[in-house]
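Coordinate inspection notes
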There are 2 protein chains.
Amino acid sequence: MNKRDQHSVFMRQAIDLSINKMLAGDGGPFGTVIVKDGEIISRGWNQVSSLNDPTAHAEMTAIRAACQHVGHFELTGCVLYTSCEPCPMCMGGVYWSGITTLYYATTKNDASAIGFDDRFIYEEFEKPIADRKLTAVQLMREEALHAFNLWQKKEDKILY
Amino acid sequence: MNKRDQHSVFMRQAIDLSINKMLAGDGGPFGTVIVKDGEIISRGWNQVSSLNDPTAHAEMTAIRAACQHVGHFELTGCVLYTSCEPCPMCMGGVYWSGITTLYYATTKNDASAIGFDDRFIYEEFEKPIADRKLTAVQLMREEALHAFNLWQKKEDKILY
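Notes on the structure in this doc start here. Please read these numbers as outputs of a predicted model, since none were measured by experiment.

Description of the interface of chain A and chain B
With 88 residues of chain A at the contact, the number on the chain B side is 88 residues. Carbon and sulfur atoms supply 70% of the area that chain A and chain B bury against each other, a total of about 8000 Å² over both sides. The interface formed by chain A and chain B holds four salt bridges in total. One salt bridge connects Asp 53 of chain A with Arg 64 of chain B, and the closest N-O pair in it is separated by 2.8 Å. On the surface where chain A and chain B come into contact, there are 27 residue pairs in polar contact (both at pLDDT 80 or more). Looking at the side of chain A that touches chain B, its residues break down into 49 nonpolar, 26 polar and 13 charged. In terms of strand pairing, strand S5 (residues 135–138) of chain A meets strand S4 (residues 101–106) of chain B through four bridges, oriented parallel. Counted as the bridge partner of Gln 138 of chain A is Tyr 104 of chain B from S4 of chain B.

Focus on the pairing of strand S3 (residues 79–84) of chain B
Residue and element names in this part refer to chain B. Of all six residues in S3, six are buried; the element is thus mostly enclosed. Where strand S1 (residues 31–36) meets S3, four bridges bridge the pair, whose relative direction is antiparallel. When the sheet's bridge partners are listed, Val 35 is paired in S3 with Val 79. Inspection of the sheet shows S3 paired to S4 by five bridges, in the parallel sense. Among the inter-strand pairings, Val 79 is bridged to a residue of S4, identified as Thr 101.

Brief notes about the packing of aromatic side chains
One pass over the structure, following the stated rule, counts 21 aromatic pairs over all chains. Measuring from centroid to centroid gives 6.4 Å for Phe 73 of chain A and Tyr 160 of chain A, while their planes differ by 85 degrees, and the two rings are edge-to-face. You can see Phe 73 of chain A sitting in the loop between helix H3 (58–70) and strand S3 (79–84) and its partner Tyr 160 of chain A sitting in the segment after helix H7 (141–153), a full 87 residues away along the chain. Taking the centre distance of 5.8 Å and the plane angle of 85 degrees together, the rings of Phe 120 of chain A and Tyr 95 of chain B count as edge-to-face. Of the two residues, Phe 120 of chain A is situated in helix H6 (residues 118–125) and Tyr 95 of chain B in helix H4 (residues 88–97); the pairing between them involves two chains.

Some thoughts on the pairing of strand S1 (residues 31–36) of chain A
Residues and elements named next belong to chain A. Here S1 lies mainly inside the structure; five of its six residues are buried. Inspection of the sheet shows S1 paired to strand S2 (residues 39–45) by six bridges, in the antiparallel sense. Following the sheet pairing, Thr 32 is matched in S2 by Gly 44. From the end of S1 to the start of S2, which pair antiparallel, there are two residues, and Asp 37 there has a positive phi angle of about 50 degrees.

Points about the sheet that holds S5 of chain A
In spatial order, the strands read S5(A)-S4(B)-S3(B)-S1(B)-S2(B); together these five strands make up an open sheet with mixed pairing. Across the chains shown, the open sheet's two edge strands, defined by having one partner strand only, are S5 of chain A together with strand S2 (39–45) of chain B. Each strand axis lies, on average, 20 degrees off the axis of its neighbour in the sheet, ignoring direction. Contacts from H7 of chain A reach S5 of chain A together with S3 and S4 of chain B, with the element oriented near 60 degrees to S4 of chain B.

Quick word on the nonpolar core
In this structure, Ile 34 of chain A together with Ile 34 of chain B are the most contacted members of the largest nonpolar core, which totals 52 residues. Broken down by secondary-structure element, the contributors of at least two residues to this core are H3, helix H4 (88–97), strand S4 (101–106) and H6 of chain A together with helix H3 (58–70), H4, S4 and helix H6 (118–125) of chain B. Non-local contacts of Ile 34 of chain B, meaning those with residues more than four positions away in its chain, are made with Glu 39, Ile 40, Ile 41, Ser 42, Ala 62, Ile 63, Ala 66, Leu 75, Cys 78, Val 79, Leu 80 and Ile 99 of chain B.

Some remarks on the environment of Asp 26 of chain B
Residues and elements named next belong to chain B. By the secondary structure assignment, Asp 26 is in the loop between helix H1 (3–23) and S1. Considering only alpha carbons, one finds Asp 26 and Arg 4, 22 residues apart in sequence, at a separation of 30 Å. Once residues lying within four places of it in the same chain are set aside, the contact partners of Asp 26 are Lys 21, Trp 45, Asn 46, Gln 47, Val 48, Ser 49 and Ser 50.

With respect to unusual backbone geometry
At Met 140 of chain A, a residue that is not glycine, the phi angle is positive and equals roughly 60 degrees. Residue position: Met 140 of chain A is located in the loop between S5 and H7. At Asp 37 of chain B, a residue that is not glycine, the phi angle is positive and equals roughly 50 degrees. As for its placement among the helices and strands, Asp 37 of chain B is situated in the loop between S1 and S2. Since its relative accessible area comes to 70%, Asp 37 of chain B is described here as exposed.

Some remarks on the packing of H3 of chain A against H4 of chain A
Residue and element names in this part refer to chain A. The N-to-C vectors of H3 and H4 enclose an angle of 20 degrees; their axes lie 8 Å apart at closest approach. Of the possible angle classes, the one that applies to H3 and H4 is roughly parallel. Every pair of crossing elements has a handedness; the one defined by H3 and H4 is left-handed. Residue-level inspection shows Glu 59, Met 60 and Ile 63 of H3 in contact with H4, the latter providing Met 89, Cys 90, Gly 93, Val 94 and Ser 97. Residue composition of the contact of H3 with H4, by class: five nonpolar, two polar and one charged.

Parameters at a glance
Residues numbered from 1 in each chain as written. Chains lettered and ligands numbered in written order. Predicted model: local features only at pLDDT ≥ 70, side-chain atom pairs only at ≥ 80, totals over all residues. Heavy atoms only, no water. Contact = heavy atoms within 4.5 Å. Buried area = accessible area lost by both parts, 1.4 Å probe. Salt bridge = Lys/Arg side-chain N within 4 Å of Asp/Glu carboxyl O. Polar contact = N/O pair within 3.5 Å; in protein donor to acceptor, adjacent residues only side chain to side chain. Nonpolar A, V, L, I, M, F, W, Y, C, P; charged D, E, K, R; others polar. Pairing = 2+ DSSP bridges. Helix = DSSP H or I, 4+ residues; strand = E, 2+ residues; numbered from the N terminus. Buried < 20%, exposed > 50% of the residue type's maximum accessible area, 1.4 Å probe, protein only. Phe/Tyr/Trp six-rings, centres within 6.5 Å; stacked < 30°, edge-to-face > 60°. Axes fitted to C-alpha atoms, helices over the stretch in contact; angles between N-to-C directions. Core = buried A, V, L, I, M, F, W, Y, C linked by side-chain atoms within 4.5 Å. Parallel < 35°, antiparallel > 145°, perpendicular 65-115°, else oblique. Left-handed = near helix turned anticlockwise from the far one by under 90°.

Structural data, given as structure tokens:
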């Protein structure tokens, strides 16, 4: 099997999850698989409405499951296949996981066309924090910097 | 107590979490509380290294706990107090939760100064997906659109 075919096999699994779990009533039409060394190590699908968890997007649940599988908070060398371009939350999760390659099928515009807010959130990020629809007010920066100073001095800290 | 003082009381709780849980070894120096009708309904703190979960940032754990508390995936009318400006993942989580007001203390630049990648991820988002350091390849859009079509036709779907 050539590489292109292999990618299609993994993406097919992500798409199948997006259909089957959505039809079963778990949540929206999104599926993800994470692959390490040519093997699927985790599967994720949208479970926002079934778990009452707005963070339970397909990519996030797949990342969390993959980390439990490898026993670490980093997924170095893993590849993520997801049925739709990740929203900003999930893309952030991908960065924090250390995954550096992903494959996606539909886009944020496709998701917006069926009523998901991905593009709106990306557009918010393009504006300075003070100009967004979400109200964000800064206070007590000096007090909070104390935590950062203590972190820098902590000798047994685990960097992530 | 005037409103400014009340905000400071809640932010003080978030900052205390950022210090105490970090010193206890749970993770990085970040804390969050979520408030509804003047009462704290959830507390979150960074648990990335202790849970082996790169998505376990303070805001995310607070949002998930608050949703379990209210029994819904939306936190309409809630206010989030967080010791540091949310990273893109957490800011995405805030949007998906329906929270429209947040208070933060330190900034993404403060976080970058002590080694956290928040600013790098925000900078990646400013570039088109094809120009980012993270490799993102599109394939099988037509096949995945089938899931979106089925979603639109699903009569008993729960919108979120």
